[in-house]
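Coordinate inspection notes
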There are 2 protein chains.
Amino acid sequence: MLDREIAERITAAVNARFDDQLAWTAELVRSPSLRAQETDAQDLIEGALLESGLTVDRWAIDSPELRDHEGYGPTTVDPATLENVVGTYTPVVEHGRSLILNGHVDVVPTGPQESWSRSPWDASIVDGWMYGRGSADMKAGIGANLFALEALRTAGYRPTARIHVQSVVEEECTGNGSLAALLRGYTADACVIPEPEDDKLVRANVGVLWFDVTVRGVPTHLREMSNGRNAIDAAYTIMNDLRELEDRWNRRKGEHRYFADVERPINFNFGVINGGDWPSSVPARCTFTVRAAIYPGTPAAQAWAEIQEVLAKSEASLGLPVAATPSGFFAEGYVLEEGSAAEDVLARSHERVFGSVLESFTTPGYLDGRVFTLYGDIPCLVYGPVSEAIHGLDERVEVESIRRITTAIALFVAEWCGVEPITD
Amino acid sequence: MLDREIAERITAAVNARFDDQLAWTAELVRSPSLRAQETDAQDLIEGALLESGLTVDRWAIDSPELRDHEGYGPTTVDPATLENVVGTYTPVVEHGRSLILNGHVDVVPTGPQESWSRSPWDASIVDGWMYGRGSADMKAGIGANLFALEALRTAGYRPTARIHVQSVVEEECTGNGSLAALLRGYTADACVIPEPEDDKLVRANVGVLWFDVTVRGVPTHLREMSNGRNAIDAAYTIMNDLRELEDRWNRRKGEHRYFADVERPINFNFGVINGGDWPSSVPARCTFTVRAAIYPGTPAAQAWAEIQEVLAKSEASLGLPVAATPSGFFAEGYVLEEGSAAEDVLARSHERVFGSVLESFTTPGYLDGRVFTLYGDIPCLVYGPVSEAIHGLDERVEVESIRRITTAIALFVAEWCGVEPITD
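Residues numbered from 1 in each chain as written. Chains lettered and ligands numbered in written order. Predicted model: local features only at pLDDT ≥ 70, side-chain atom pairs only at ≥ 80, totals over all residues. Heavy atoms only, no water.

**Remarks on the overall build of chain A**
When you go through chain A residue by residue, the secondary structure sums to eleven helices and 19 strands. In summary, chain A has a C-alpha radius of gyration of 23 Å against a globular reference of 22 Å for 424 residues, a match within 12%. Across the 424 residues that make up chain A, the buried fraction comes to 63%. Looking at chain A alone, contacts between residues at least 24 apart form 83% of all its contacts between residues at least 6 apart. As presented, chain A carries roughly 14700 Å² of accessible surface, and 47% of it is formed by carbon and sulfur atoms. Each charge class in chain A was averaged separately, 36 positive and 64 negative side chains, and the resulting centres sit 2 Å apart. (Helix = DSSP H or I, 4+ residues; strand = E, 2+ residues; numbered from the N terminus. Rg over C-alpha atoms; globule rule 2.2 N^0.38 Å. Buried < 20%, exposed > 50% of the residue type's maximum accessible area, 1.4 Å probe, protein only. Contact = heavy atoms within 4.5 Å. Areas by Shrake-Rupley, 256 points an atom, 1.4 Å probe, with all protein chains shown as cover. Lys, Arg positive; Asp, Glu negative; His and termini not counted. Charge placed at Lys NZ, Arg CZ, Asp CG, Glu CD.)

Right, here's the structure in full:
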């Protein structure tokens, strides 16, 4: 249990540095770290880690171990071109529990920018919300990790355990960034990921598969349309078949711990579609990308086999060639088992800041938490600020929520890792 | 009625020049005159027209008259960058009937080239068929026009009426090329267009509209998918609404002359689709292009109003913004009235070559014939060779059919325009 005076000093320090934290976070939001364009944002983070006195490790995530791992997400974006950044704090005397503070630097595309109220990259704060693509998901969280540690220092303390502050890539598409960090040897007694979770802790979350489906039609002139087979029409038939699988999986939610009360835990999203090349030709090809969710405990390979079975039936009933390829996440879901010491410490930290009990919930979205939980045997606390419209238009994060989350993380670090006064 | 000896000489001349004709046609097929890339092919045709002693007019098709015309197809491809070529033959003494020999030089995209048996641009002749994109639609026809005139000259005759040999652009997307030629003042007592019509004459054909439909969704993270509205799913709903309109129009086929016996005269084709930008985001936008057919006698504007009504209902029932814009053909269909002198002459020429009666039929595909018929009051004979897979994979045209069609056109020219022996 953290000493009350220490807690108050740390809380005061978070508040003292909060304007700096917001300014730094805004600067990070203004760096459009879309997939494979994370270099500038990683530079900024690397600079901040160095300034905080951490040892920095920056490396391209590719490795044979990564590609061979069952949790690897197949991708056409060369992992050799993508860099993780990890800052390591090494204590003078080590007697606490070690910790990973993880965050992802990559953000999803903006969608039509003209549909935003302002530029997705200007990081304006309006009525208590910071706007921008990635503001909530999850640059506020990266800032929270960094400034939680800063707050300890400002308050005059240093942790007494090893801490790795990770800024990973690929969380939005494959999860290969966190996986690469784990495979590089970064492990700890607990992990915190401040994803935008509405001040709550994630108890369970789905796995996710991405795959491309290509159907080939029989192109022809429209005057002979009955001889042609429209690949765009066929794509929609396949989508309907997949929607049936989605329904089937949703109907099984009662069999899965923590999912029975989620309204619709399994979502299939048709996120991208491209087909045809000429309005007056029956399209020869249509490709669409599916994001499919799966329950924890279902290996990705097993779900993939079931999906392929459905697609084989579509192919047979259409009589047209259908090809499907994994093209990103190939990820199992996870459950954060109740009763871990890490969760106890977070619950205390949360209650001290929020004055209310830490709630946990089940989320039907992908999280890198699965990497640490499934493959590192590390209790992973996904816990972060209040947001709206992540992946949508006018994504935003609540400023006061960032302050509270940062404080809770700082108190968590202090109790989990232990602190001692800075004497030198 | 054409003198038998003259007919035989002309027939022999077509045969004598037929290898040259095939070689020239193959060269034209090897020039990939995709939309807005017709320059090289037009150079080739211009050269051939000049070599045949015609006066050449080559001009960019744009004009205020064109853009204001009711038959103009709206387009984002600047008409100022697109050139028609017309070669004019002027007789020494004029006492026959004038003629337009029209063909379009533009070809549709190939679709996936790996699905072709050979390159779409190699113009191979295999088992009596010339292959290649545009081989049938309609470079064989352009060759037929040119070599029909060549045959007269080779046989020792020259026409006694004005002839315009047209190589127009935009037949595959707007029809603005032929329209621009008409507006430039090219008119005549008849027009022949050797489109690939299986050795038959087109009696009636549909009008065509192209339009883009864009639906905006409500993008969101998948974990909140129930709050999002997938634009790709919404596009499918709209397509279904349009399919209902298509069915409604098809059910009315009995009300339209020459269409009652066509199995399915009205085809709506969803030819191109693009939507979304990230598999794990609910797509904010989906755009698809529709090619819709309409009966002759239905003005494009009237059909467009009916289509917009359907889309307005889709918009209302979806509760999502739906926008539609004409993006190409805005074309009424036409009927070739029976009993014209031009058709009589063609019927005689055809019978002499084929030994069988000229059949006419109704085609559910767009033809530039509407330009001459509707806006020039010129009987337009769309009549050309046997083909397979136009707009499809392995498009091809039957070589012997080219020979016969060329002969029939040559005999038609001789009788329609009249001929006299070349004396100088």
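**As for the side chain of A:His256**
For A:His256, the position within the fold is in the loop between α7 (231-251) and β11 (268-275). Residues within four places of A:His256 in sequence aside, it is in contact with A:Tyr295, A:Pro296 and A:Thr298.

**Looking at the pairing of strand β2 (residues 83-89) of chain A**
Residues and elements named next belong to chain A. Of all seven residues making up β2, six are buried, and the element is well covered by its neighbours. With six bridges connecting them, strand β1 (residues 55-60) and β2 associate as antiparallel partners. The residue bridging Trp59 from the neighbouring strand is Asn84, located in β2. Bridge analysis of β2 against strand β7 (residues 163-168) gives five bridges, and the strand direction is antiparallel. Residue Thr88 lies in a different strand from β7, and its bridge partner there is His164. (Pairing = 2+ DSSP bridges.)

**Details of the nonpolar core**
Nonpolar side chains in soluble globular proteins tend to end up buried together. Counting residues in each nonpolar core, the largest one holds 241 residues, and the members touching the most others are A:Leu242 and B:Leu242. If near-sequence neighbours (up to four positions away) are discounted, A:Leu242 is found in contact with A:Phe211, A:Phe268, A:Phe270, A:Phe288, A:Val290, A:Ile307, A:Val310 and A:Leu311. (Core = buried A, V, L, I, M, F, W, Y, C linked by side-chain atoms within 4.5 Å.)

**Focus on the domain arrangement of chain A**
Residues and elements named next belong to chain A. We note that the domain assignment places domain 1 (4-204 + 333-421) and domain 2 (207-331) within chain A. A separation of 33 Å is found between the C-alpha centroids of domain 1 and domain 2. Counting residues at the interface gives 22 residues for domain 1, matched by 18 residues for domain 2. Sorting the residues of domain 1 by area buried against domain 2 places Pro74, Gly333 and Pro364 first, and these three jointly supply 33% of that buried surface. Between Glu337 and Arg257 there is a salt bridge, and its shortest N-O distance comes to 2.9 Å. There are six residue pairs in polar contact (both at pLDDT 80 or more) connecting domain 1 and domain 2. (Domains from an automatic or database assignment. Buried area = accessible area lost by both parts, 1.4 Å probe. Salt bridge = Lys/Arg side-chain N within 4 Å of Asp/Glu carboxyl O. Polar contact = N/O pair within 3.5 Å; in protein donor to acceptor, adjacent residues only side chain to side chain.)

**Section: the interface of chain B and chain A**
Contact with chain B, which involves 60 residues of that partner, is made by 60 residues of chain A. Here chain B is connected to chain A by six salt bridges. Between B:Arg216 and A:Glu114 there is a salt bridge, with its nearest N and O atoms 3.3 Å apart. Summed over the shared surface of chain B and chain A, the result is 30 residue pairs in polar contact (both at pLDDT 80 or more). Elements that contribute at least two residues to the side of chain B that touches chain A include exactly β10 (207-216), α7 (231-251), β11 (268-275) and β12 (285-294) of chain B. Of the residues belonging to the side of chain B that touches chain A, the class tally is 27 nonpolar, 20 polar and 13 charged. Here β11(A) runs beside β11(B); their pairing, made up of three bridges, is antiparallel. The partner of A:Ile273 across the bridge, within β11(B), is B:Gly275. (Nonpolar A, V, L, I, M, F, W, Y, C, P; charged D, E, K, R; others polar.)

**Some thoughts on the sheet that holds strand β9 (residues 201-205) of chain B**
All names here are of chain B. The three strands are arranged β14-β9-β15 in an open sheet whose pairing can be described as mixed. For this open sheet the edge positions go to β14 (334-335) and β15 (360-363), each flanked by a neighbour on one side alone. As paired strands, β9 and β15 are joined by four bridges and run parallel to one another. Opposite Asn205, over in β15, you have Thr363 as the bridge partner.

**Structural notes on the side chain of A:Ser401**
Inspection of the secondary structure assignment puts A:Ser401 in helix α11 (residues 399-417). Given the relative accessible area of 0%, A:Ser401 is considered buried.

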